[in-house]
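Okay, here's what each chain looks like letter by letter:
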Amino acid sequence: MSQLIQLAADGQASIVADTWTRIVPPAAGEESVRKQAGKVVLFKLTGEQTYTAEQIANTEIPATGKILVPLTIWQARKAELQSRLAAGELGIILATNETAEALQAEFTDLNTLPLIAVFVERFADGRIFTLGNWLRTRFGFKNELRAIGDVLRDQLFFHKRAGFNSFLIRADRSAEDALASLNDFSQPYQGGVADVPVWRRVNRA
Amino acid sequence: MYKYDPIDQQIVNERVAQYRDQTRRYLAGELTDEEYRPLRLQNGLYIQRHAPMLRIAVPYGLISSKQLRKLGDIAKKYDRGYGHFSTRQNLQLNWPKLEDTPEILAELATVEMHAIQTSGNCIRNITTDQFAGIAPDEIIDPRAIAEIMRQWSTFHPEFALLPRKFKIAVSGTEKDRAIVQAHDIGLEFYKDVQGQMAIKVWVGGGLGRTPILGTVIREHLEWQHVLSYCEAVIRVYNIHGRRDNAYKARIKILVKALGIEEFKRQVEEEWAHLKDGPLTITQNELDRVAKYFEPMPYKTLPAHDAAFDAAVASNPAFAAWVKRCVQPHRVPGYRAVTLSLKPHGKAPGDITSEQMHVVADLADAYSFGELRSSHEQNLILADVQVSDLFAVWEKAREAGLATPNIGLLTDIICCPGGDFCSLANAKSIPIAEAIQMQFDNLDYLYEIGDLELNISGCMNACGHHHVGHIGILGVDKDGSEWYQVTVGGKQGNDASIGAVIGPSFSAEEMPGVVQRLIEVYVRERQDDERFIDTVRRLGVAPFKAHVYAEKETA
Ligand code: HEM
Ligand code: SF4
């Protein structure tokens, strides 16, 4: 069973097969576990490095098919990936500690990418919502915007309103169950990426 | 006050359904503790020392008699028959069962109430002056904008999981009573040179572990842009606020790290994209909401009432209450009444179900059926006729709600502390009770005059100890409970953070320590100087000297 929920243009949600292969760098060594006062630090700060040079160099990329590649890997290895981009087989993963500006710097027109995924390592990391919003409203991205990583049903409604139109539900959870949460609220107060505040939407007088 | 339309009601109902299902999944083991945590917190549910604690929202401190009765009934049915008004104007239940919380929220929804975003890393309940709309020194009634902001912040899709909690306070008076400088965003409303409603925006204030007063980020903001401007501020914070260390995650730390100039530059850059967009509040929407906050249908009354004047003259107990618990009103012949939730020897802010019913009845009979809660943890009847004050006093007194100590030493702000809170270093309620008993002499209290004493059980500062004229903080020394004392803190326009007087004290020493601080004040004060003025004039030294001198000879 696929874990991928996709919204059609009319907003209809369905579970669809995932045709993209996500490229994941090999794990870094033990020394990369950061600690502070004895506690493991769970969130990377904005602007912090996502993968080491060694991880990037050692990442295997299949020669064919649609690939979803972390931004840092694209930045370091774009020469070998250029043809994939031209063929419409390249999507980019932006981590929540990376910036939309860094992505924009790589692609003058973001819409040459059929897919951008934002990777959220921990569901409680709300930067994903601002990134989604920015990509849609500031950078004019019109193609598929996907939430990946620690993506759980109780945040889906927010993801949707922040501009995401596909959601890869974490592997141990049911995508089927998650569908229901996309409709938690029928008439939200504030605007979202695709709508205006309620007082502009309906006549409340 | 604001009344729900079908859209508001539907949102709250859908929230109950959502939370019910989340709680069901948690109890069924489908959600881990970590996953359920932000969900329950954003519905006001903490897991505490003895039981969960449920924090129910009282938006900007306004509550109707019907709602208060419901709270009383809920406290009786699902808790131990009492609730606790918090320093953020909300009501907390200390002993509900987790399994019951969906049902409690469903009951609240029937009276247009909820617990949405009363906790968690999101935009919290917006607070304001308890005298909004009636205060003689009010320039602008900020409640309509506060309600518009409440709606905007409710389930805000972008700000649902911020680095840390986010608190906004609004105030439209000359004398700030909402501590706007101690909030993540403080909005101070005023009339600009054109006579238009405008806002001075403060950012980066907060108490807690690192107490910092806010900085002005914008002197003049047109009210139409308040949502877009706040959105710009919070967006910069959402991206750049620290998430690696919970103690450094508040916006105040980011503002300090970047410097106000750089922070402001980023906000303005962001705002340039948002300004004049759909977030711009329309006159239509302001008018729609503002009509719920129009002045009450007041009668035309004489400024004086002979029977009232006679009662004050002949009845010292009534006169004392009038002096401390009755506040001015902008309409002639009306007053605001503060019902003290600080009887000596009881937990500050606590109120029983029966008292809630009494207060609701008083509101219906004498104050247009509405009430306010204050961040000093008292309840206010905002619109009482002078001729009714005596009757209100008699009924309030019978219910134990007329301790004439508002603004005095025993009107203590106090967090739940070690009796309830699992984060506490030390108990705070017993300290408050012991101090109240030490000063259980009204004549002496009046003699001491205006004094704010605030107690927190740990550095999270729920009891606002930093801004108490006397602040008491529970600290942990080798596993036992100690108390650190500060003097010179203050809320208001000239807010300040108190200075520590020296090494900490044991619980038994605390009433005596406060006593000695007062002795220095009584000895040193000039004319009608208040305690805080004397501290500001003399500094900490004489207080320190007297407190510790006694300690050595003792
Ligand atoms: C019993 C359960 C409670 C728990 C676990 C709790 C926990 C906390 C924590 C962890 C903070 C610090 C947050 C930070 O610095 O970012 C905090 C702050 C605060 N709490 Fe509580 N609290 C509790 C009850 C209360 C009550 C009953 C009140 C009101 C009387 C209250 C009012 C506040 C206020 C006003 C602050 C803000 C201080 C600031 O501006 O930083 N809390 N609380
Ligand atoms: S100040 Fe500390 S002890 Fe008091 S309620 Fe807040 S977290 Fe608990």
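Thresholds applied
Residues numbered from 1 in each chain as written. Chains lettered and ligands numbered in written order. Predicted model: local features only at pLDDT ≥ 70, side-chain atom pairs only at ≥ 80, totals over all residues. Heavy atoms only, no water. Donors = N, O, S within 2.8 Å, 3.2 Å for Na, K, Ca; no water. Helix = DSSP H or I, 4+ residues; strand = E, 2+ residues; numbered from the N terminus. Contact = heavy atoms within 4.5 Å. Buried area = accessible area lost by both parts, 1.4 Å probe. Salt bridge = Lys/Arg side-chain N within 4 Å of Asp/Glu carboxyl O. Near = heavy atom within 4 Å. Polar contact = N/O pair within 3.5 Å; in protein donor to acceptor, adjacent residues only side chain to side chain. Pairing = 2+ DSSP bridges. Axes fitted to C-alpha atoms, helices over the stretch in contact; angles between N-to-C directions. Domains from an automatic or database assignment. Nonpolar A, V, L, I, M, F, W, Y, C, P; charged D, E, K, R; others polar.

A. Here's a closer look at the coordination of the iron atom of ligand 1. Among protein atoms, the single one acting as a donor to the iron atom of ligand 1 is Cys 462 of chain B (SG), 2.1 Å away. Looking at the element boundaries, Cys 462 of chain B is found in the loop between strand 17 (453–456) and strand 18 (470–477).

B. Representation of the interface of chain A and chain B within the structure. With 42 residues of chain A in contact, the opposing surface of chain B contributes 50 residues. Each partner contributes to the roughly 4,200 Å² buried at the junction of chain A and chain B, and carbon and sulfur atoms together form 56% of this total. Looking only at chain A, the three residues that lose the most surface to chain B are Tyr 189, Trp 199 and Arg 204 of chain A, adding up to 19% of its buried area. One can count 9 salt bridges joining chain A with chain B.

C. Region of the structure containing the site of ligand 1. In the neighbourhood of ligand 1, 24 residues make up the surrounding shell, with Thr 87, Gln 92, Lys 165, Lys 167 and Cys 462 of chain B lying closest. The backbone of Gly 208 of chain B places a nitrogen or oxygen atom 3.3 Å from an oxygen atom of ligand 1.

D. Quick peek at the sheet that holds strand 5 (residues 91–93) of chain B. Residue and element names in this part refer to chain B. Taken together, the 5 strands give an open sheet; going across it, the order is 1-2-5-4-13, and neighbouring strands pair in antiparallel fashion. Two strands close off the open sheet at either side, each with one partner strand: strand 1 (45–47) and strand 13 (350–352). With strand direction ignored, the average angle separating the axes of adjacent strands in the sheet is 30 degrees. Sheet topology note: the strand 1/strand 2 (residues 52–56) ladder contains 3 bridges and is antiparallel. Across the sheet, Leu 45 pairs through a bridge with Leu 54, a residue of strand 2. Sheet strands touched by helix 3 (residues 65–78): strand 2, strand 4 (82–85) and strand 5. Its angle to strand 5, the strand with the most contacts, is close to 15 degrees.

E. The domain arrangement of chain B, seen in detail. Residue and element names in this part refer to chain B. One can read the domain layout of chain B as domain 1 (6–109), domain 2 (135–290), domain 3 (306–398) and domain 4 (413–553). Between domain 2 and domain 4, the C-alpha centre-to-centre distance is 31 Å. Contacts between the two partners involve 11 residues from domain 2 and, on the opposite side, 12 residues from domain 4. Summing both sides of the interface, domain 2 and domain 4 together bury roughly 1,100 Å²; the carbon and sulfur share of this comes to 62%. Across the contact surface, domain 2 and domain 4 share 0 salt bridges. At the surface where domain 2 touches domain 4, the tally comes to 5 residue pairs in polar contact (both at pLDDT 80 or more). Its residues assigned to classes, the side of domain 2 that touches domain 4 comprises 5 nonpolar, 2 polar and 4 charged.

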